[in-house]
Amino acid sequence: MHHDPDDYPLVWNVSVSGRTWDDADDGGDGTEVRVGEAELYVVPDAGIIDLFLTLDAVNQHVAAVGEMLTINRPDLVKDLALGGDLLILSKLHVAPEFRRNKLGHEILKAVLSSVGRSASKVILEAVPAPAENAPAEGTAGYEAAKASLRRYWESFGFQAAHGDYLVFEDMNGVVD
């Protein structure tokens, strides 16, 4: 029950790279390219700490997750009282040239099989990341991108939590 908020959450930055070859490589080593990246927060024993107070000390994004869980969906936190960690997926970006075959799903599975092995729940906000030339919030393009992201993550197994937040709870078949 007693913890130092500086110890929570555990921050992970994941970088995914690969090699590409073109016709000019002639059997060489290829070129290393960045495929994607993810940022996540693991909150150990999230059901037995003051989640909102703890996450409020980190940054606004994770504080908003703590607020949603504490105020709007305390049932999700209550489920964690028996043990298990909370994983907040803050960012998962796949380079446009690699966005096929649900590579984002595979990256999340790898994250859950490694650093998220004891996570009982995963929370993410299914909204487009701010970027240059991205549609502005509230526009039709933004809403379409948001709907697409929601469908993408629901196809992984995420379900509605509150607002734009989604929750994933079924680790069977995902964690090796």
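Here goes a summary of the coordinates provided. (Residues numbered from 1 in each chain as written. Predicted model: local features only at pLDDT ≥ 70, side-chain atom pairs only at ≥ 80, totals over all residues. Heavy atoms only, no water.)

## Details of helix α4 (residues 103-113)
Then step 1. Among the residues of α4, Gly-104, His-105, Ile-107, Leu-108, Val-111, Leu-112 and Ser-113 are the ones counted as buried.
Then step 2. Tucked into the core, α4 has its buried residues touching β1 (10-20), β2 (31-43), β3 (85-94), β4 (119-125), α5 (140-154) and β6 (165-168). (Buried < 20%, exposed > 50% of the residue type's maximum accessible area, 1.4 Å probe, protein only. Helix = DSSP H or I, 4+ residues; strand = E, 2+ residues; numbered from the N terminus. Contact = heavy atoms within 4.5 Å.)

## Concerning the nonpolar core
Then step 1. In terms of nonpolar packing, the biggest core is built from 24 residues, with Leu-87, Leu-112, Val-122, Phe-156, Phe-158 and Phe-168 touching the most fellow members.
Then step 2. Sorting the residues of this core by element identifies β2, β3, α4, β4 and β6 as the ones contributing at least two each.
Then step 3. If near-sequence neighbours (up to four positions away) are discounted, Phe-156 is found in contact with His-105, Leu-108, Lys-109, Leu-112, Phe-168 and Val-174.
Then step 4. Core analysis: the second largest hydrophobic core is formed by 19 residues, Ile-49, Val-65, Met-68 and Leu-86 among them. (Core = buried A, V, L, I, M, F, W, Y, C linked by side-chain atoms within 4.5 Å.)

## Some remarks on the side chain of Asp-85
Then step 1. You can see Asp-85 is positioned in strand β3.
Then step 2. Within the buried core, Asp-85 has no salt-bridge partner, and the shortest N-O distance to an opposite charge, that of Arg-117, equals 10 Å.
Then step 3. Here Ser-118 takes part through its side chain, which lies 3.0 Å from a polar atom of the side chain of Asp-85.
Then step 4. Those residues in contact with Asp-85 that lie beyond four places of it in its chain are Val-42, Val-43, Pro-44, Asp-45, Leu-80, Ser-118, Ala-119, Ser-120 and Lys-121. (Lys, Arg positive; Asp, Glu negative; His and termini not counted. Salt bridge = Lys/Arg side-chain N within 4 Å of Asp/Glu carboxyl O. Polar contact = N/O pair within 3.5 Å; in protein donor to acceptor, adjacent residues only side chain to side chain.)

## A few points about the pattern of salt bridges
Then step 1. With the rule as written, the count across this model stands at nine salt bridges.
Then step 2. With a closest N to O distance of 3.8 Å, Arg-19 and Glu-32 form a salt bridge. In this pair, Arg-19 is assigned in strand β1 and Glu-32 in strand β2, connecting sequence segments 13 residues apart.
Then step 3. Under the relative-accessibility criterion, Arg-19 is labelled partly exposed at 43%.
Then step 4. What makes Glu-32 exposed here is its relative accessible area of 51%.
Then step 5. Taking the shortest distance from any N to any O, the salt bridge between Glu-143 and Lys-146 comes out at 3.5 Å. On the criterion of helical spacing, the pair formed by Glu-143 and Lys-146 is a turn pair, its members being three residues apart in helix α5.

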